[in-house]
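Residue-level structural notes
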Amino acid sequence: MSTEIVAERLLSAADSADPDRAARLAFRAFVALSRTADSHQMLPFLARARKAHDATRSPRTELIYCTLAGTAATRAGLADGPDYLDKALRIFDQNAFDDDPVLVECALTAALTLMRPQEARRFAPLVDALDLAPVDRARLLALIGAGDAWAGNLVRGQAELREAVRLAALCDSLDVQAEATSWLAKCDALRGDLDEAADHLDQARELAARVGSAWVARHLPECTVALAFARGDHDAWVGLLELVVATDAGVTAGLQHEHRWELATHHALAGRPGLAATLLADVADPPASWPGGPVLPAWRAWILDPDSPASTAALTTALGQLTRPNERLLAARVAWLLGAHHGRSGRRGEAARLLEQASAGYARAGAAGLLALVLKDLRLLGGRPPTGSGGAGPAGTDPPAVPAFPAAAGRPALTDAEARVAAAIADGLSNREAAQRLFVSVKTIEFHLGNIFRKLGVRNRTELAARRGRAG
């Protein structure tokens with residue numbers, strides 16, 4: 001049955017129920033639709049829960065109302081979401097609600113929406129002790145597994161997500177199965193189980209399409225980024241980073257800044273400082289309480305001037321401030337970037353220290369797939385033959401493709417990103433249409449076009465299209 005129909009029936013039943021039961025039915029309706037709905041579709045559940053709360057002012061109805069209000073506000077990007085969610089957790093902790101499945105799920109949802117994945121672990125014993133239907137257990141286990149993986153325990157998270165997927169499949173709960181499978185795909189990629197990750201991504205896409213899941217579809221690109229990175233597929237990784245940055249993917253996990261900083265780092269280390277600066281312009285640093293918040297300002301300064309000893313020292317110092325569980329993977333990544341950069345600059349001692357720090361971080365998290373890539377840089381440092389690209393991005397190189405737009409004599413070739421823009425413009429697309437096709441901003445298209453015209457020695461779009469025709 002459609003999740004929308006299920007949610008509508010639950011809300012209809014709430015109209016004739018007492019306030020406590022009405023609030024519970026509103027939350028169950030939210031749960032039914034949360035994996036397929038956008039934030040504005042949650043408003044009826046919120047209104048119904050608020051009506052029930054106003055009628056009783058009981059801690060139970062207030063906990064449900066605060067969870068729904070905080071989740072809806074956070075998904076909509078409103079500033080008051082965390083206040084509601086903090087209040088929901090305080091109410092749970094102040095009352096003996098451990099044996100109430102609905103209220104346990106409320107508190108778990110609040111903790112994860114607040115981006116405190118490490119708190120999911122404290123709910124695991126409560127869920128184990130509850131007498132739950134398999135579909136409810138699958139849903140809660142998926143949340144706990146995602147929290148564990150997000151908090152840097154990929155081994156436990158992967159096992160819990162696998163069990164959640166199994167239970168959801170047995171119950172034919174496609175929406176829960178889609179969500180858990182998508183999270184499992186990312187976890188597989190980080191763990192180095194690349195074939196399984198690819199299979200789970202395909203399954204998640206199909207499941208999301210079968211239920212029309214806007215929620216799962218929104219974060220699938222983030223999962224594909226992780227797989228491309230772990231595979232060492234540099235071109236795919238950059239293209240997918242452009243997609244997730246353009247669509248603000250990763251916002252629910254606090255990763256949207258990390259994705260943008262990664263893409264800017266790639267351009268800076270590839271000799272495109274202007275493009276790196278454009279990506280970071282007009283994007284404010286998040287508060288220090290944000291995942292990765294302590295390191296992002298120093299990382300920004302390093303991106304803008306990676307060869308500066310001062311910016312390198314500042315980033316190294318800031319790295320030591322990444323101490324929270326949900327920053328473990330980022331801490332290893334920043335240590336890796338710094339170590340590889342020192343290695344390329346001939347500073348072998350500092351490179352060895354930081355690369356070993358990254359290796360230890362990935363090993364501690366169970367990120368065997370990423371550890372394998374760092375080890376390639378460590379082998380390079382020891383004088384062994386290179387097996388990858390050397391640390392600016394995923395390891396692995398592909399044979400150079402024949403350029404569709406040969407550069408003018410004495411001028412540099414188009415970059416991969418410029419070639420994609422050139423092809424779109426040569427196809428007759430406007431700047432806005434090209435931006436939509438490539439999932440970048442119009443400003444980025446304009447930036448690339450200036451370089452494309454200069455490198456190819458053409459003056460307009462007509463000459464650009466003709467240049468491709470001669471090349472073919």
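Only a predicted model underlies this, so the values are computations on that prediction, with no experimental measurement involved. (Residues numbered from 1 in each chain as written. Predicted model: local features only at pLDDT ≥ 70, side-chain atom pairs only at ≥ 80, totals over all residues. Heavy atoms only, no water.)

A separate point is the overall build of the chain. A tally of regular secondary structure across the chain gives 24 helices and zero strands. Expected size for 472 residues packed as a compact globule is a radius of gyration near 23 Å; at 24 Å, the chain falls within 12% of this value. For the chain, the spread of C-alpha atoms along the principal axes amounts to about 80 × 55 × 40 Å. Across the 472 residues in the chain, those meeting the buried criterion constitute 53%. Pairs at least 24 apart in sequence give 61% of the contacts found in the chain among residues at least 6 apart. (Helix = DSSP H or I, 4+ residues; strand = E, 2+ residues; numbered from the N terminus. Rg over C-alpha atoms; globule rule 2.2 N^0.38 Å. Buried < 20%, exposed > 50% of the residue type's maximum accessible area, 1.4 Å probe, protein only. Contact = heavy atoms within 4.5 Å.)

So, about helix 6 (residues 101-113). The terminal C-alpha atoms of helix 6 lie 18 Å apart, and with 13 residues this matches the ideal 18 Å at 1.5 Å per residue to within 8%. Extensive coverage of helix 6 is indicated by the burial of 12 of its 13 residues. Taken together, the buried positions of helix 6 are Val102, Leu103, Val104, Glu105, Cys106, Ala107, Leu108, Thr109, Ala110, Ala111, Leu112 and Thr113. Buried positions along helix 6 lie against helix 2 (19-33), helix 4 (59-75), helix 5 (81-94), helix 7 (124-129) and helix 8 (134-150). Among the residues trailing helix 6, Met115 stands out with phi positive, at a value near 60°. (Expected span 1.5 Å × (residues − 1).)

All right, on to the packing of helix 8 against helix 9 (residues 154-170) then. Running from N to C, helix 8 and helix 9 point in directions that differ by 160°, and their axes come no closer than 8 Å. Considering the angle they form, helix 8 stands roughly antiparallel to helix 9. Between helix 8 and helix 9 lies a crossing of left-handed hand. Packed against helix 8, whose contacting residues are Pro134, Arg137, Ala138, Leu141, Ala142, Ile144, Gly145, Ala146, Asp148 and Ala149, the element helix 9 presents Leu154, Arg156, Gly157, Glu160, Leu161, Glu163, Ala164, Leu167 and Ala168 at the interface. Split by residue class, the contact of helix 8 with helix 9 holds 12 nonpolar, two polar and five charged. (Axes fitted to C-alpha atoms, helices over the stretch in contact; angles between N-to-C directions. Parallel < 35°, antiparallel > 145°, perpendicular 65-115°, else oblique. Left-handed = near helix turned anticlockwise from the far one by under 90°. Nonpolar A, V, L, I, M, F, W, Y, C, P; charged D, E, K, R; others polar.)

Moving on, we come to the confidence of the model for the chain. On average, residues of the chain score 87 in pLDDT, and 91% of them reach the 70 mark or higher. Element-level pLDDT for the chain is lowest in helix 24 (residues 461-471), with a mean of 76, against a maximum mean of 97 in helix 16 (residues 296-304). Low confidence marks residues 383-392, where pLDDT is under 50. Its contacts with residues over four positions away, or in another chain, come to 25 contacts. In this model, residues 395-402 is a region of pLDDT below 50 whose contacts with residues beyond four sequence positions or in other chains number 12 contacts. (pLDDT = per-residue confidence, 0-100.)

Moving on to the packing of helix 10 (residues 174-191) against helix 11 (residues 194-211). Packing of helix 10 against helix 11 brings their axes to within 8 Å, and their N-to-C directions diverge by 155°. When the axes of helix 10 and helix 11 are compared, the pair comes out roughly antiparallel. The way helix 10 lies across helix 11 gives a crossing that is left-handed. Across from Leu174, Asp175, Gln177, Ala178, Thr181, Ser182, Leu184, Ala185, Asp188 and Ala189 in helix 10, the residues of helix 11 making contact are Leu194, Glu196, Ala197, His200, Leu201, Gln203, Ala204, Leu207, Ala208, Arg210 and Val211. Residues of the contact of helix 10 with helix 11, tallied by class, amount to 12 nonpolar, five polar and four charged.

Attention now moves to the side chain of His200. Mapping His200 onto the fold places it in helix 11. Residue classification places His200 among the buried residues on the basis of a relative accessible area of 12%. Reaching out from His200, the side chain makes a polar contact with the side chain of Asp188 at a distance of 2.5 Å. (Polar contact = N/O pair within 3.5 Å; in protein donor to acceptor, adjacent residues only side chain to side chain.)

What follows deals with the pattern of salt bridges. Going through the model one piece at a time under the given rule, you end up with 25 salt bridges. Residue Glu160 is joined to Arg121 by a salt bridge in which the shortest nitrogen-to-oxygen separation is 2.7 Å. Taken together, the residues span a long stretch of sequence, with Glu160 in helix 9 and Arg121 in the loop between helix 6 and helix 7 at a distance of 39 residues. Take Glu160: its relative accessible area is 12%, and that puts it in the buried class. Linking Glu262 and Arg333 is a salt bridge whose minimum nitrogen-to-oxygen distance equals 2.7 Å. Within this pair, whereas Glu262 is found in helix 14 (residues 256-269), its partner Arg333 is found in helix 18 (residues 328-344), the two being separated by 71 residues in sequence. This pair shows no difference in class: Glu262 is buried, exactly as Arg333 is. Through salt bridges with shared partners, a single network forms among Asp86, Asp93, Arg116, Glu119 and Arg122. (Salt bridge = Lys/Arg side-chain N within 4 Å of Asp/Glu carboxyl O.)

For residues besides glycine, phi is generally negative; the peptide bonds are generally trans as well. Even without glycine at this site, Arg57 takes up a positive phi of about 55°. Tracing the sequence through the fold places Arg57 in the loop between helix 3 (43-56) and helix 4. Given the relative accessible area of 56%, Arg57 is considered exposed. Of note in this structure, Met115 is not a glycine but carries a positive phi near 60°. Looking at Met115, the relative accessible area reads 14%, which means it is buried.

Within the largest apolar cluster, 77 residues are counted, with the highest numbers of intra-cluster contacts made by Trp299, Ile303, Leu315, Leu319, Val334, Trp336 and Tyr362. If you tally residues by element for this core, the top one is helix 12 (residues 214-231), at 10 residues. Sequence-distant contacts of Leu319, defined by excluding residues within four places in its chain, comprise Val295, Ala331, Val334, Ala335, Leu338, Leu354 and Gln357. (Core = buried A, V, L, I, M, F, W, Y, C linked by side-chain atoms within 4.5 Å.)

The subject of this paragraph is helix 13 (residues 234-247). In this model helix 13 runs 20 Å from its N-terminal to its C-terminal C-alpha over 14 residues, within 8% of the 20 Å that 1.5 Å per residue would give. Within the span of helix 13, buried status applies to Trp237, Val238, Leu241, Glu242, Leu243, Val244 and Val245. Looking at the buried positions of helix 13, the neighbouring elements they touch are helix 12, helix 14, helix 15 (273-280), helix 18 and helix 21 (416-426). In the stretch just after helix 13, Asp248 is the one whose phi turns positive, near 60°.

You can see Asp172 is positioned in the loop between helix 9 and helix 10. Considering only alpha carbons, one finds Asp172 and Val135, 37 residues apart in sequence, at a separation of 8.5 Å.

Our focus in this paragraph is the packing of aromatic side chains. Under the defined criterion, the tally for this structure stands at six aromatic pairs. Measuring from ring centre to ring centre gives 5.6 Å for Phe27 and Phe30, while their planes differ by 40°; the resulting arrangement is tilted. Taken as a pair, Phe27 and Phe30 lie in helix 2 at a separation of three residues, close to a single helical turn. On the basis of relative accessible area, Phe30 is assigned to the buried category, the value being 5%. Ring geometry for Tyr65 versus Tyr84: centroids 6.0 Å apart, planes at 85°, classification edge-to-face. (Phe/Tyr/Trp six-rings, centres within 6.5 Å; stacked < 30°, edge-to-face > 60°.)

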